[in-house]
Amino acid sequence: PFGRRSRDVETKEMQETKTRFLLFNQEVDKGCQIRLNHPDTLQQCGFNSSRPLCVIPSVPSQRADYAVAHSQVDGILENWVQQLVNALKSGPAQPVNVGLANWISLAYNHYALAVHNTRLVGQEVAALLRWLEVRSPEKPRRTLNGAGAQNKLEAQKASIQAALPRNHLTAVFQESVQFSRSNVHLIGYSLGAHVSGFAGTYIGGKHKIGRITGLDAAGPMFEGVSPSDRLSPDDANFVDAIHTFTREHMGLSVGIQRPVGHYDFYPNGGSFQPGCHFLELYKHIANHGLNAITETIKCAHERSVHLFIDSLLHADLQSKAYLCSDMDSFSQGLCLSCKKGHCNTLGYHIHQDKQSKKAKKLFLVTRAQSPFKVYHYQFKMQFINQIEKPVEPTFTMSLFGTNNEVHKIPITLGEGIISNKTYSFLITLDLDVGMLIMIKFKWENSAVWANVWNTVQTIFPWGKGPIYSGLILKSIKVKAGETQQR
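Residues numbered from 1 in each chain as written. Predicted model: local features only at pLDDT ≥ 70, side-chain atom pairs only at ≥ 80, totals over all residues. Heavy atoms only, no water.

Labelled according to an unreviewed UniProt entry, the chain appears under the name triacylglycerol lipase, originating from Galemys pyrenaicus. For the record of the chain, the UniProt heading Subcellular location (unreviewed entry) holds the text "Secreted". (UniProt positions renumbered as here; feature names shortened; annotations may be inferred.)

Now the structure itself:
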């Protein structure tokens, strides 16, 4: 019922939009409104056509009992919107224009109608981007070379600086730079992710938008539909997506489950997030009253936004994710390879592999709070079991490295131990222990083998482990995902 038009659409430009476009600059936290076909507003707001443009299609709150998307409550921006704006203003090494597409008048409706309106908002975002290209001159002004040119430019600036406000001055000297859609990055959360996709289609022309990031793109009414009816890799030169709340309930999931980009990240499997468990519901009741269930659901859905913000705020703690078929395989440590583009960085600083035609699903584990980065290690172990029956021990492991040491990590193999079988599992640490020097196991008593042994076994990477009766550790191999060292 909501058929999507082809890319060759709309030669007739819009004159007004229902979406309000705000621009944020370094000096002012409050957004400055840009009006389509009003070039003076670009000057007033300090738009710099020489810089990339990041646009956030914000999404207002839906009904309290259906927390699919949040960013506006009674017209006030929610905290995550301002946090993302601030992170974009300060995080990237290259300064960017930061814009917000506020479509509260079109989204404050029944969910089905809000879904329908994502197409109109996409058209209006596309219209803005086309106008930004058209208003820029086709050819840059002639420039002079050498110190004389620099002196002349400085003299020109000085001569009009007293007559023009700073933002006007910036606009005058940047207007000669051709704005390009290839420098546009749309960052859409929930329904805003699909708005971004529709903008990528409706912009038309031979060239695409540079990048779209979908942050837990909305699932209901988008799951299982044609790629042309949702965010898809065809909507930009590069599309990445973060899935954080794909847990299904009554046939629906708040966040879309299927891949929608060139790279799709599934933190902690994508179904739910640490720190957002329903066991936290009582804490949310104390803080939010009757809205506690909404806040609990929102926690996992909105985690996608905070993971992206985290990538901007912690340049030295970038989270790495790994290509894998599913979370079960990843939890066994079977997917910590970075060969042939099999790993990538989650968030703003992702490596944009535009040659990849097949969607890649990447998995990682995160902490429950910022900074979210953890360090992934794969352990492969073989035992010699001198007892006829499979042994199901419980044990802890302590790791000693060149940088740090971590004690008493609980290990569960999930099955009885038999001889000459390789057991592979994943361990994640909040700290970077560096190069491993020593591994210490603490084997605990159990009813099955209480009289066999209860001791501490220490393994040095360059030595052989001691021999005990009953159960013997034959070999152990360790691989660090972040460094790829073995």
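And the narrative resumes.
Caption draft 1: Just the state of the cysteines, in detail. All told, the structure shown has four disulfides when counted by the stated rule. Here Cys32 pairs with Cys45 through a disulfide, and the sulfurs are 2.0 Å apart. The S-S bond linking Cys32 to Cys45 shows a torsion near -70°; that makes this disulfide left-handed. Here Cys45 lies in helix α1 (residues 39–45) and Cys32 lies in strand β2 (residues 32–34), a separation of 13 residues in the sequence. A relative accessible area of 0% places Cys45 in the buried class. A sulfur-sulfur separation of 2.0 Å characterises the disulfide bridge that pairs Cys276 with Cys299. (Disulfide = S-S within 2.5 Å. Helix = DSSP H or I, 4+ residues; strand = E, 2+ residues; numbered from the N terminus. Buried < 20%, exposed > 50% of the residue type's maximum accessible area, 1.4 Å probe, protein only.)

Caption draft 2: How the structure looks around the UniProt feature "binding site: Ca(2+)" (unreviewed entry) in the chain. Under the UniProt annotation, the feature "binding site: Ca(2+)" (unreviewed entry) is placed at Arg230 and Asp235. Along the chain, Arg230 falls in the loop between β8 (209–215) and β9 (236–242). With respect to the helices, strands and loops of the structure, Asp235 is situated in the loop between β8 and β9. Using a relative accessible area of 2% as the deciding quantity, one classes Asp235 as buried. Of the polar contacts made by the side chain of Asp235, one reaches the side chain of Thr201; its length is 3.1 Å. (Polar contact = N/O pair within 3.5 Å; in protein donor to acceptor, adjacent residues only side chain to side chain.)

Caption draft 3: Spatial organisation of the pairing of strand β15 (residues 360–364). With four of its five residues buried, β15 lies for the most part within the structure. The pairing of strand β12 (residues 263–267) with β15 spans five bridges and is parallel. When the sheet's bridge partners are listed, Asp264 is paired in β15 with Lys361. The pairing of strand β13 (residues 320–323) with β15 spans two bridges and is antiparallel. Looking at β15, one finds that Leu323 is bridged to Leu362. (Pairing = 2+ DSSP bridges.)

Caption draft 4: Looking closely at the sheet that holds strand β1 (residues 20–24). An order of β2-β1-β6-β3-β7-β8-β9-β12-β15-β13-β14 is seen for the 11 strands of this open sheet, with the pairing classed as mixed. Here the strands that pair on one side only, and so sit at the sheet edges, are β2 and β14 (343–345). Strand-to-strand, the axes of this sheet are offset by a mean angle of 25°, without reference to chain direction. The pairing of strand β3 (residues 53–58) with strand β6 (residues 97–102) spans six bridges and is parallel. Within β6, the position partnered with Ile56 by the bridge is Leu100. Where helix α2 (residues 79–90) meets the sheet, its contacts fall on β1, β3, β6 and β7 (184–189), and the angle it forms with β3 comes to roughly 175°. Against the sheet, helix α4 (residues 111–135) contacts β1, β2, β3, β6, β7 and β8, and its axis sits at roughly 55° relative to β1. (Axes fitted to C-alpha atoms, helices over the stretch in contact; angles between N-to-C directions. Contact = heavy atoms within 4.5 Å.)

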